[in-house]
Amino acid sequence: MLQTIRERAQGWIAWAIILLISIPFALWGIQSYLGVGGEPIAATVNGVEIPARELDRRVQETRFELRERLGAAYDPAAYDDQRLRAEALETLIQEALLMDVVGRLGLRVSDQEVQMQILSDPAFVSEGRFDKETYERLLRFQGLTPAMYEAQLRQKMSATQLIRAVSSSELATRAELDAYKRLMGQKREISYLRLPLAEHRTEEPIDEARITAYYDSNRARFQSPEQVKLDYLVLDTDSLSSKVEVSEEDLRQLYASDQSRFVQPERREVRHLLLKVDAKADEAATQAVLDEIQAIRARIQAGESFEELAKTLSQDPGSAANGGSLGIIESGIMVPAFDQAAFALKAGELSDPVRTPFGYHLIEAVKILPSEAKPFEAVREQLRTELAKQRAEGLFYDLAERLANISYESRDSLDPAAEELGLTIQHSDWVDREGGGEGVLSHTKVLAAAFSEDVLVGGNNSDMIEPERDRLQAIVLRVNEHREASVKPLDEVRAEIVTAIRDEQARSAAKSAAEALAEKLRDGSDWSAAGEGLKPESPGLVDRQSTEVPAGVLDAAFKLPVPTEGATSVGTAILDDGDAVVVRLTKVEDGQGADAEGTEDGFSAESFIITQIMGRQAYTNMLEDMKSRAKIERKASRDSEVAL
């Protein structure tokens, strides 16, 4: 049959059919036939696409930064995925808008500026100077070429030009400065009453229907996160150092070639007697001190004890009690004049008066400890460690390249790489996107790779990861087990829900009590309306930086309107610990204006602060205007968790 088709598929008709089939392939590719689209898109900004994978990466970075900053106080439930994704997407949209404007304005960064930025980056510095090999290696581990990295850096620097141009366009006037200083220096006379949360908490049974309703409306709070168990390989210089062979001959050769490093320089045990000379002393006063120390020197030469004279006459409080002893010193420790004189003396010799910024010294060399070299046996282990580390670093680069190649070529298993490189496959417990692991498993790059689509969904080995820039360490991982996110059963979280409901009830009751008391105060009652057992605090006049009152009280006090003469302003607030407070404002005193100080320096400093605030606001306004003019389309999230 196939032969028949082949024989008859001749002539112009067959070629026409082939041409018609070829056109769609040329224009749209095989995806148009298979129904396979490009990668998911989170949003488009003026036609520029923001990939969903970039949004995922930004959310992951945000969670990691929160965890690092808050430490034990970090609660994943307090930062739900919907909010983080929405905030991260807005940031990416702002960045896309900035780059769009940068392109339309034709802002450019010169090659020299990009080069200087790279040369000054501490991540690329080795032994105090830029190292090209380190630069290229770090970029390679991130999947970047120098050209790609420089293009990204150029974009960021161009955007920074725009931000600086807008932010620096504002100027604070004298009137604005005066108003700012009066407002910032303002003081307010307040009193406040705290209504403790604990006094409004009850142990009444919670209705089952309410527990169920709370559970249903807060399911995200009780969600067990998506988790994975990982298999991974770790290659680092620490493990390689223990495997590197270092012979005795190697150690002796290194010792012989760098023996000067192990030489102990000459040291001296010295003591001194100091008479201070004031930095502003005139010639006559200086000469008087010199004459005095010359007389002391003569007494020492006549046989009096240097030690006893130093105890009674030296003006150096640190050494006088010890007879002027400075212990054993090496050259270069003391100020140059003192150092030069001390190391020119013979053992037991007394110097002439030596002038330093501190005054005049008499120096005696008590003992001279000659230079000596440490024997090989004393530095053997130090040399072994250094040589092993050097060889391990050289070996690391070769093995890291092989690890990357083998794990890529055999993407369905870590066994080939482990066997060929002599590495042990390690296994993790359950970890989620926020971490949960220790050591290398706590790094954001490792977690991002573990939950990437290629590794998590595709079941492939990850690319080689270098978690830390300043450490030679490479990791390849794959997912062993995967557990989807799920909501914990109601019975498991029932006690937590009951506590949360009672807390809400207590906060609501405390807030209601505070508002009721505030109404009484506004109607002319005094603090006695709060009832017995509750006494107000009266700190009097407080400023915006006061530490005498809780931050919530201070914030409420400075938000209250200025009271009219003979009246008061009253407000309420909830403190961080849940207690409710009623705040009463009786008087407001403005700070001094700019004209009251009358100093140009003060004007410049305050003006700078206001200009910065105004500049940031101008930048925010610019972004909002750009958003209103741009064509922005937010796509539905890939996993349908949220509609962005």
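Everything quoted here is computed from the prediction, not taken from an experiment.

The rules behind each value
Residues numbered from 1 in each chain as written. Predicted model: local features only at pLDDT ≥ 70, side-chain atom pairs only at ≥ 80, totals over all residues. Heavy atoms only, no water. Helix = DSSP H or I, 4+ residues; strand = E, 2+ residues; numbered from the N terminus. Buried < 20%, exposed > 50% of the residue type's maximum accessible area, 1.4 Å probe, protein only. Contact = heavy atoms within 4.5 Å. Areas by Shrake-Rupley, 256 points an atom, 1.4 Å probe, with all protein chains shown as cover. Salt bridge = Lys/Arg side-chain N within 4 Å of Asp/Glu carboxyl O. Axes fitted to C-alpha atoms, helices over the stretch in contact; angles between N-to-C directions. Parallel < 35°, antiparallel > 145°, perpendicular 65-115°, else oblique. Nonpolar A, V, L, I, M, F, W, Y, C, P; charged D, E, K, R; others polar. Phe/Tyr/Trp six-rings, centres within 6.5 Å; stacked < 30°, edge-to-face > 60°. Pairing = 2+ DSSP bridges. Patch = residues over 30% accessible without salt bridge, like charges linked within 9 Å, V, L, I, M, F, W, Y side chains within 5 Å. Arc of directions from axis to C-beta. Core = buried A, V, L, I, M, F, W, Y, C linked by side-chain atoms within 4.5 Å.

A short note on the overall build of the chain
- Check the secondary structure of the chain and you find 23 helices and 21 strands.
- Going through the 644 residues of the chain one by one, you find that 37% of them count as buried.
- Here the contacts in the chain between residues at least 6 apart in sequence split such that 72% fall between residues at least 24 apart.
- With an accessible surface of roughly 38000 Å², the chain has 50% of that area assigned to carbon and sulfur atoms.

Some details on the pattern of salt bridges
- The full count for this structure, using the stated rule, is 32 salt bridges.
- In this structure, the salt-bridge partner of R58 is E54, at a minimum N-O distance of 3.6 Å. Pair noted here: R58 and E54 are both in helix α4 (residues 52-70), with a separation of 4 residues, about one helical turn.
- Among the salt bridges present, the one from R433 reaches E226, with a minimum N-O distance of 2.9 Å. Taken together, the residues R433 in the loop between β15 (431-432) and α18 (444-450) and E226 in the loop between β6 (223-224) and β7 (227-236) connect sequence positions 207 residues apart.

Things to note about the packing of helix α6 (residues 111-119) against helix α8 (residues 146-167)
- The geometry of α6 relative to α8 is characterised by a closest axis approach of 10 Å and an angle of 105° between their N-to-C directions. On the basis of their axis angle, the class for α6 and α8 is roughly perpendicular. Of the residues in α8, those touching α6 at D111, E113, V114, Q117 and I118 are Y149, E150, L153, R154, M157 and Q161.
- In terms of residue class, the contact of α6 with α8 is made up of 5 nonpolar, 2 polar and 4 charged.

What about the packing of aromatic side chains?
- Taken as a whole, this structure holds 7 aromatic pairs when the rule is applied.
- Ring centres 5.9 Å apart and planes at 90° place the aromatic pair F124 and Y149 in the edge-to-face group. Taken as a pair, F124 in the loop between α6 and β3 (125-126) and Y149 in helix α8 lie far apart in primary sequence, 25 residues in all.
- Relative accessible area serves as the criterion here: at 1%, F124 is assigned to the buried category.
- Under the relative-accessibility criterion, Y149 is labelled buried at 14%.

Structural notes on the sheet that holds strand β5 (residues 187-195)
- Taken in spatial order, the 4 strands make up an open sheet running β18-β5-β20-β19, and their pairing is antiparallel. Taken across any chain shown, the strands that pair with only one partner, and hence form the sheet edges, are β18 (537-542) and β19 (569-574). Strand-to-strand twist in this sheet, taken as the mean axis angle between neighbours without regard to direction, amounts to 25°.
- Strand direction decides the pairing type here: β5 and strand β20 (residues 580-589), joined by 9 bridges, are antiparallel. Residue pairing across strands places S191 opposite R584, the latter belonging to β20.

A closer look at a nonpolar patch on the surface
- Together, F608, I609 and I613 give the surface a local cluster of nonpolar side chains, amounting to about 270 Å² of exposed area.
- As for its position among the elements, I609 is in helix α23 (residues 600-629).
- Note on I609: relative accessible area 34%, which makes it partly exposed.

Considering the environment of A513
- Examined against the element boundaries, A513 turns out to sit in helix α20 (residues 490-522).
- Distance from A513 to H200, taken between C-alpha atoms, is 9.4 Å for residues 313 residues apart in sequence.
- Residue contacts for A513: discarding those within four places in its chain leaves L195 and H200.

What about the pairing of strand β1 (residues 41-45)?
- Among the 5 residues in β1, 5 count as buried, and that is most of the element.
- Note that β1 and strand β2 (residues 48-51) share 4 bridges and pair antiparallel. Within β2, the residue paired with T44 across the bridge is E49.
- Where β1 hands over to β2, the hairpin turn is made up of 2 residues, of which N46 adopts a positive phi near 50°.
- Pairing of β1 with strand β21 (residues 632-634) involves 3 bridges; the strand directions are antiparallel.

Looking at helix α14 (residues 306-313)
- Turning to α14, its buried residues are F306, L309 and A310. Down the axis of α14, the sector holding all buried residues measures 100°, keeping them to one side.
- Lining the buried residues of α14 we find β9 (267-276), α13 (283-301) and β12 (359-369).

A look at unusual backbone geometry
- Its identity as a non-glycine residue notwithstanding, N46 has a phi of 50°, on the positive side.
- Here N46 lies in the loop between β1 and β2.
- Under the relative-accessibility criterion, N46 is labelled partly exposed at 34%.

Some remarks on the sheet that holds β1
- The 3 strands are arranged β2-β1-β21 in an open sheet whose pairing can be described as antiparallel. Looking along the sheet, the strands with just one partner apiece sit at the ends: β2 and β21. Taken over all neighbouring pairs, the strand axes of this sheet differ in orientation by 20° on average, direction set aside.

Some details on the nonpolar core
- Counting residues in hydrophobic clusters, the biggest one holds 29 residues, and the most contacted among them are L233, L235, L383, F396 and L403.
- Within the residue set of this core, elements represented by two or more residues are β7, α12 (248-257), α16 (376-409), α17 (415-421) and β16 (473-483).
- The greatest single-element share of this core, amounting to 11 residues, is contributed by α16.
- With near-sequence residues (within four places) excluded, L403 lies in contact with L233, L235, A417, L421, M464, A474 and V476.
- Membership of the second largest hydrophobic core comes to 25 residues, among which are L55, I93, L162 and V166.

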